[in-house]
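Structure assessment
Listed here are the chains, written in short residue letters.
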Amino acid sequence: MTQNAYIKIMQDRLDWCVETEHYETAAKLRDLIIYESTDDEEIKHQYYLYLLKKYAPECPEFYEKMKEKYKL
């Protein structure tokens, strides 16, 4: 129940960001909503790695460490 409320709040913020043309923030919220609403742990780990590559390209060591941790 708490997670659903959290996702609903993020969705409301996403809608507001789009309406007010804050597209970069909207894209980040969209990615976070997808991550938080995924139940399959393997898919969640893969998506986390995708987000690391997308939002933290300056930290390749951390990406590799997480890739190794998740054995992907």
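Values in this document were obtained by computation on a predicted structure and should not be read as measured data.

1. Observations concerning the confidence of the model for the chain
Residues with a pLDDT of 70 or more make up 99% of the chain, whose mean pLDDT is 94. No element of the chain has a lower mean pLDDT than helix α4 (residues 60-69), at 93, and none a higher one than helix α2 (residues 23-36), at 96.

2. A few points about the pattern of salt bridges
For the structure shown, the criterion picks out 4 salt bridges. Across the salt bridge formed by Glu-24 and Lys-28, the nearest N and O atoms sit 3.6 Å from each other. Residue Glu-24 and its partner Lys-28 are both found in helix α2; the two are separated by 4 residues, about one turn of the helix. Take Glu-24: its relative accessible area is 58%, and that puts it in the exposed class. Owing to a relative accessible area of 41%, Lys-28 belongs among the partly exposed residues under this scheme. Two residues, Asp-31 and Arg-30, come together in a salt bridge whose shortest N-O distance is 3.1 Å. The class of Arg-30 is partly exposed, set by a relative accessible area of 38%. Where salt bridges share partners, they join Arg-30, Asp-31 and Lys-54 into one cluster.

3. Observations concerning the nonpolar core
Counting 7 residues, the largest nonpolar core is built from Ile-7, Met-10, Leu-14, Cys-17, Ala-26, Leu-29 and Ile-33. Elements represented by at least two residues in this core include exactly α1 (2-19) and α2. Once residues lying within four places of it in the same chain are set aside, the contact partners of Ile-33 are Ile-7, Met-10, Gln-11 and Leu-14. Judged by nonpolar contacts, the second largest core, of 5 residues, contains Leu-49, Leu-52, Met-66 and Tyr-70.

4. Some thoughts on the environment of Phe-62
By secondary structure assignment, the location of Phe-62 is in helix α4. Its relative accessible area of 36% is what places Phe-62 among the partly exposed residues. For the pair Phe-62 and Gln-11, spaced 51 residues apart in the sequence, the C-alpha separation amounts to 29 Å.

5. Here's the deal with the side chain of Glu-36
Residue placement: Glu-36 occurs in helix α2. The buried charged residue Glu-36 lacks any salt bridge, with Lys-44 as its nearest oppositely charged partner at 4.5 Å. Ignoring anything within four residues of it in the chain, the contact list for Glu-36 reads Gln-3, Tyr-6, Ile-7, Met-10 and Lys-44.

So, how was this worked out
- Residues numbered from 1 in each chain as written.
- Predicted model: local features only at pLDDT ≥ 70, side-chain atom pairs only at ≥ 80, totals over all residues.
- Heavy atoms only, no water.
- pLDDT = per-residue confidence, 0-100.
- Helix = DSSP H or I, 4+ residues; strand = E, 2+ residues; numbered from the N terminus.
- Salt bridge = Lys/Arg side-chain N within 4 Å of Asp/Glu carboxyl O.
- Buried < 20%, exposed > 50% of the residue type's maximum accessible area, 1.4 Å probe, protein only.
- Core = buried A, V, L, I, M, F, W, Y, C linked by side-chain atoms within 4.5 Å.
- Contact = heavy atoms within 4.5 Å.
- Lys, Arg positive; Asp, Glu negative; His and termini not counted.

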